[in-house]
Amino acid sequence: MEAMSEESVQSVNVENAIDLTTEKDGGVLKEIKKEGVGEDGPISGDEVVVHYVGTLLSGEKFDSSRDRNDKFKFTLGKGSVIKAWDIGVATMKRGEVCNLTCKPEYAYGETGSPPKIPPNATLVFEVELFDWHGEDVSENKDGGILKSIIEEANEKSYSTPNAGASVEVHITGKYEDRVFDDRDVEFCLEEGESQNIIEGIEVALRKFKKGEKSLLRIKSPYAFGVSGKAEWNIPPNADVIYTVHLTNFEKAKESWQMDEKEKLEQSEFVKTKGTNCFKGENYTKAIYWYKKITTYLSNEDNFKDEMAESRRGLLLAAHLNIAMCHLKLNENAEAIKECNDALDLDEKNVKALFRRGQGHMNLWSYEEARKDFQNVLKFDAENKAAKKQLALCQQKVKKEKEKERHMYAGMFTKFAERDAKHQTEGKEHEENGIKTEEQGVDSDVKASNDTGETA
């Protein structure tokens, strides 16, 4: 769309303008120049994309994204732009073009914005809204969980739920405008699956404040995935929308707030969670749970006697289980690292040695793998799996050595052939040189005889 003329931008039809301020003080007047489409509009927390042309009441243009041919993006309702924009753009629809006339107290106030905007200036902006989307709260920032605030928190607090926090929420889930889930529910973060709470909600709730109500647009991987949800008539690979209201929450204790007994109890709990994920072949999630054990118990010297043994056993199990998960995911270097950590706790641990050997095998480090399997048999002579892997490993080592021997033999043959060729060429060159010299002597003698001269 072409930018409007400066005359049209500065001209405001007061009769057609709408006062958008809650005080109705005329501080932000909106005149629609082109109607938008759809019923939805951006809400607080959304990133919006606009073009704008800004002028003084005199018609003098002081800024224009159109002149730069560069659409402007900002987060709505967070004070990143002048107050009039947060108010005005929130009322727009997709594709809408409007004029916003902004009094100084809703713009740059008494100071202005030198040198282009003088103090106490009323400004006129032509704004066109192109698009918007919620804040990306997914951990990988892949656009899988977009959050738009409907109602701000009712308390001035920066506190948000942490992992394990007890939360009380009301959720309303929609798929293609059909409500499939509408209820109050209380659960602990990271344990919502038992209450049919999808991952996208659990991840997003860590960004909520008490009393906040937000709209979540959740992609399939963070919702019901490839399986869907038959009982709610959700097909595979379906994106869903949830409205979530966090009515209350209580933070879980952080590791540093726990005593030794609590850390051991929590470690047992997350170990069970990890094992359940492992059995369900969700190895990435299993790693997440097992690593919590290392968070609780690593770098702790206050455990005594039986509690110290329990700590060591849990840490050892955590490293071994994490290693197994990494092997399942073909993340062999990571598996080897975890096995090393396990062997720091127990240098004769056959599971750690065996799994490290598997990691080395998968990385084609057959000599290192052979050493590990040999050490397994050193401590467990009847270990059938280690015997089998050692035999396979020795075959691989033998094959590698044969390959190297053939390669080097081929190289030596080539070098020998090259040297022989050089020797032959040298001998031929030498013989040709002698023959040429003899021919030269004969010619000289003949020439001497022809001229009657003697040598």
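Look a little higher up for the structure.
Everything in this summary refers to the structure shown in the same document. Note that this is a predicted model, so its numbers are computed, not measured.

### Focus: the overall build of the chain
Scanning the chain for helices and strands turns up 11 helices and 13 strands. Counting every position in the chain, which comprises 455 residues, the buried fraction comes to 40%. Contacts in the chain between residues far apart in sequence, at least 24 positions, make up 63% of those at least 6 positions apart. For the chain, the exposed area adds up to about 26,500 Å²; of that, 47% sits on carbon and sulfur atoms.

### Some remarks on the sheet that holds strand β9 (residues 145-151)
Picture the strands of a sheet paired through backbone hydrogen bonds; they go either parallel or antiparallel. Taken in spatial order, the 6 strands make up an open sheet running β8-β9-β12-β13-β10-β11, and their pairing is antiparallel. Single-partner strands in this sheet number two, and they are β8 (135-136) and β11 (178-188). Summarising the sheet, strand β10 (residues 166-175) and β11 pair through 10 bridges and their orientation is antiparallel. Bridge pairing in β11 places S166 opposite C188.

### Brief notes about the packing of aromatic side chains
Within the structure shown, the criterion is met by 15 aromatic pairs. An aromatic cluster of three or more residues is present, and its members are Y52, F62, F72, F74, W85 and F125. The ring of F130 has K71 lying over it, and the distance from NZ or CZ to the ring centre is 4.6 Å.

### Digging into the layout of surface pockets
By volume, the largest pocket amounts to about 1,200 Å³. Around the largest pocket, the lining is made up of 32 residues, and of these E193, E199, E202, N282 and K285 lie nearest the centre. Of all the elements in the fold, those that place two or more residues in the lining of the largest pocket are α4 (199-205), α5 (260-279) and α6 (283-297). For the lining of the largest pocket, the leading source of residues is α6, giving 4 residues. A class-by-class count of the residues in the lining of the largest pocket yields 12 nonpolar, 10 polar and 10 charged.

### Details of α5
Under the 1.5 Å per step criterion, the end-to-end length of α5 is 29 Å for 20 residues, consistent within 8% with the ideal 28 Å. Within the span of α5, buried status applies to K263, L264, S267, V270, G274 and C277. In an axial view of α5, the angular spread of the buried residues amounts to 135°, which keeps them on one side of the axis. Opposite the buried face of α5, by more than 90 degrees, sit the exposed residues K261 and K279. On its buried side, α5 packs onto α6 and α7 (305-328). Here α5 starts with a cap whose side-chain oxygen sits 3.2 Å from the backbone nitrogen of K261, and that cap is D259.

Reading the values: the criteria
Residues numbered from 1 in each chain as written. Predicted model: local features only at pLDDT ≥ 70, side-chain atom pairs only at ≥ 80, totals over all residues. Heavy atoms only, no water. Helix = DSSP H or I, 4+ residues; strand = E, 2+ residues; numbered from the N terminus. Buried < 20%, exposed > 50% of the residue type's maximum accessible area, 1.4 Å probe, protein only. Contact = heavy atoms within 4.5 Å. Areas by Shrake-Rupley, 256 points an atom, 1.4 Å probe, with all protein chains shown as cover. Pairing = 2+ DSSP bridges. Phe/Tyr/Trp six-rings, centres within 6.5 Å; stacked < 30°, edge-to-face > 60°. Lys NZ or Arg CZ within 6 Å of the ring centre and 35° of its normal. 1 Å grid on protein atoms, 1.4 Å probe; cavity = no way out; pocket = protein on both sides within 12 Å on 5 of 7 lines; lining within 4 Å. Points joined across faces, edges and corners; volume = space filled by probe spheres on them. Nonpolar A, V, L, I, M, F, W, Y, C, P; charged D, E, K, R; others polar. Expected span 1.5 Å × (residues − 1). Arc of directions from axis to C-beta. Polar contact = N/O pair within 3.5 Å; in protein donor to acceptor, adjacent residues only side chain to side chain.

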